[in-house]
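The residues making up each chain are set out below.
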Amino acid sequence: KREAEIDRIVRGCVGVRRTTGQHPGGIVVLPHGEEIYTFTPVQHPANDMTSNIITTHFDYHSIDHNLLKLDILGHDDPTMIRFLEDLTGKNAKEWPMDDPKVISLFQSCEALGVTKEQIGCELGSLGLPELGTNFVMNMLKETKPKNFSDMIRISGLSHGTDVWTNNAQELVKNGKCTLSTAICTRDDIMTYLILKGIEAGTSFKIMESVRKGKGLTEEMEKVMVENNIPDWYIWSCKKIKYMFPKAHACAYVMMAFRIAYCKVYYPLAYYAAYFSIRADNFDYEMMAQGLSVLQKNMDMIDSRINSKTATPKEEGLKDDMMLVREMYCRGIEFMPIDIYRAKANRFQIIDGKLMPSLSTIGGMGSKAADMVESEAQKAPFVSRNEFKNRCKVPATVVEVMNKLGLFGNLPEDDQLSFFDMLSGT
C-alpha cells in the first residue's frame, strides 16, 4: 500500500519520475529521460557482487543540489496505536499520561509482575518506541524520570547529538545540573535565556546557532555572561551539535505512553500489536515453542554475540527474543499456528493466547503468507503437495511446517487423485 501511494504521489509531480534502487530516508525522483547514472555511479554494498542490492556511489548530500528527494516515511507508532484500539475497543486518546504504573516502567519492571532476573532487564520499557534501546535505558537508570515532563526531556536528550553523551551526562554526574535544569531540547535554550533577562530576539538567535551545531559567537557569549548565565550552561551550549525540537519530543513521548499503558493493562493486545508490527525478526520455530526452547536459542545466540561471530540477523533475533521472554514470564503463551485460522502478517488473540502470523514461519515470505491465507479460505487442503502447489510455497518451507506439526494428519500426496489419473477419470 505504501509503495502504491508513493507511486501515486510521484506521478502527480510534473517532470519527475521515481528512481530504481533504495534511498534511505526517502525517495529520489529524476527528470524524465534521465537515469540515476547521469548523476552518480552505482555499486553493490561493500563491493559484494553477490548482493542483489545496488546503492549510489556518492552520498546523497553530494548531489542533492541536482536531485529532489521526497521524504515519504512509514510510521509504526500510529499504526500500532490503531491496532491497539481495534484489539481493546478503547480510544487511545482517553489513556492517561500520568498513570503511576506506566511511569514506574522507566524505573523498574515491577508493574509487569516480573523480576529483572526473569527478563534480564531491570526496567519495564523493553519494546516501547524510543525507550527500549540500551542507550536510552542506561539514560533512564541514570536520570530516574518521575513524570511525563521528565520523559520529554529524556526524549530530547536521546535524539540530540552531543546533548547527553559528552555533555549533560557529565554535568549530571558532577552535580552541575539535574534532569530538570539540563539543556534537553532546543526550546529550553530560548525560554531559559528569556527568563534570565536576555532579549527574545537574541535568545532565539542563540538557540538557532546552538541547535544547528554552530556554537556561540563572542557576542552571544558576552551577552550570556552579562546576564549571569552559569559557566556550565555556556560550556554545554558549545558542545551541542544538533538539538531536537520539544514538540517532536512531546509527540514521541505521547505515543510511547499510550503504548506503555497497553503494555501494563492490556498485555495480550500489546504483544499481539508489537509482534505484528515491530518484530521483524520473529521466528516461529525459535520463539513460539515455549520458554525453555526460547531460552536455549537465546543462550546459543548470546554465545555467538560474545564471541563476535553473530550475524546481524542473529543480533536482531536477540532483541525480539527478549520481549518474547518477558511475555512468557508474564504468563502469556503462544498457541500453534492453524493454517485455516492464522493471518498472513498479524498475530491474533484466541482463547487467551497469541497465534503467530504465517509470515513468522522460517522461509515464508509476506506474499507467500498472503497466498496461504487466501487459499485456506477457499477450500481445505487435501495434501501437503497440493498446499505447496496452490500456495506457491517452497518445498523447504513445507518441510519446516510439517516438522512443526502445522499440517496435522495431512498426507504428503493425494493418493485418490493419483489413482483417478491412472484410470483416466
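Everything numeric here is computed off the predicted structure, so don't read it as measured data.

## Here we look at the overall build of the chain
Within the chain, the regular secondary structure consists of 20 helices and seven strands. Projected onto its principal axes, the C-alpha coordinates of the chain cover approximately 100 × 60 × 45 Å. In the chain, which comprises 425 residues, the share counted as buried stands at 44%. Put simply, of all contacts in the chain between residues at least 6 apart along the chain, 58% involve residues at least 24 apart. Roughly 22700 Å² of accessible area belongs to the chain as shown, and the carbon and sulfur atoms make up 51% of that amount. The centroid of the 50 positive side-chain charges in the chain is displaced by 3 Å from the centroid of its 55 negative side-chain charges.

## Some remarks on the confidence of the model for the chain
With 90% of its residues at a pLDDT of 70 or more, the chain has an overall mean of 88. Contacts of residues 14–25 to residues separated by more than four positions or lying in other chains number 33 contacts, the stretch itself having pLDDT below 50. The low-confidence segment residues 417–421, where pLDDT is below 50, has one contact with residues more than four positions distant or belonging to other chains.

## Examining a nonpolar patch on the surface
On the surface, Y37, V42 and I54 cluster together to form a nonpolar patch covering roughly 290 Å² of accessible area. Within the secondary structure, I54 is located in the loop between strand 3 (42–43) and strand 4 (55–56).

## Things to note about the pairing of strand 2 (residues 27–31)
With four of its five residues buried, strand 2 lies for the most part within the structure. Examined bridge by bridge, strand 2 and strand 5 (residues 68–70) share three bridges and lie antiparallel to one another. Among the inter-strand pairings, V29 is bridged to a residue of strand 5, identified as L68.

## Comments concerning helix 5 (residues 134–143)
Among the residues of helix 5, those classed as buried are V136, M137, M139, L140 and T143. Here the buried residues of helix 5 occupy an arc of 155 degrees about the axis, which is enough to place them on one side. In this fold, the buried residues of helix 5 make contact with helix 6 (148–159) and helix 7 (164–173). Note on helix 5: the residue one or two positions beyond its end, K144, has a positive phi of about 50 degrees.

## Some details on empty space enclosed by the protein
Over the atoms a probe the size of a water molecule is rolled, and this reveals where empty space is left. All chains considered together, the criterion is met by one cavity of 30 Å³ or more. Looking at the largest cavity, the residues that line it are P129, E130, L131, V136, I154, S155, S158, Y252, V253 and A256. Secondary structure elements with two or more residues in the lining of the largest cavity: helix 6 and helix 12 (246–265). By residue class, the composition of the lining of the largest cavity is seven nonpolar, two polar and one charged.

## Considering the side chain of S276
One can find S276 in helix 13 (residues 267–277). Given the relative accessible area of 13%, S276 is considered buried. In terms of polar contacts, S276 uses its side chain to reach the backbone carbonyl oxygen of A272, at 2.7 Å. Looking at S276, its side chain comes within polar contact range of the main-chain nitrogen of F347, at 2.7 Å. Look past the residues within four positions of S276 in its chain and what remains in contact with it is F83, N345, R346 and F347.

Cut-offs applied
- Residues numbered from 1 in each chain as written.
- Predicted model: local features only at pLDDT ≥ 70, side-chain atom pairs only at ≥ 80, totals over all residues.
- Heavy atoms only, no water.
- Helix = DSSP H or I, 4+ residues; strand = E, 2+ residues; numbered from the N terminus.
- Buried < 20%, exposed > 50% of the residue type's maximum accessible area, 1.4 Å probe, protein only.
- Contact = heavy atoms within 4.5 Å.
- Areas by Shrake-Rupley, 256 points an atom, 1.4 Å probe, with all protein chains shown as cover.
- Lys, Arg positive; Asp, Glu negative; His and termini not counted.
- Charge placed at Lys NZ, Arg CZ, Asp CG, Glu CD.
- pLDDT = per-residue confidence, 0-100.
- Patch = residues over 30% accessible without salt bridge, like charges linked within 9 Å, V, L, I, M, F, W, Y side chains within 5 Å.
- Salt bridge = Lys/Arg side-chain N within 4 Å of Asp/Glu carboxyl O.
- Pairing = 2+ DSSP bridges.
- Arc of directions from axis to C-beta.
- 1 Å grid on protein atoms, 1.4 Å probe; cavity = no way out; pocket = protein on both sides within 12 Å on 5 of 7 lines; lining within 4 Å.
- Points joined across faces, edges and corners; volume = space filled by probe spheres on them.
- Nonpolar A, V, L, I, M, F, W, Y, C, P; charged D, E, K, R; others polar.
- Polar contact = N/O pair within 3.5 Å; in protein donor to acceptor, adjacent residues only side chain to side chain.

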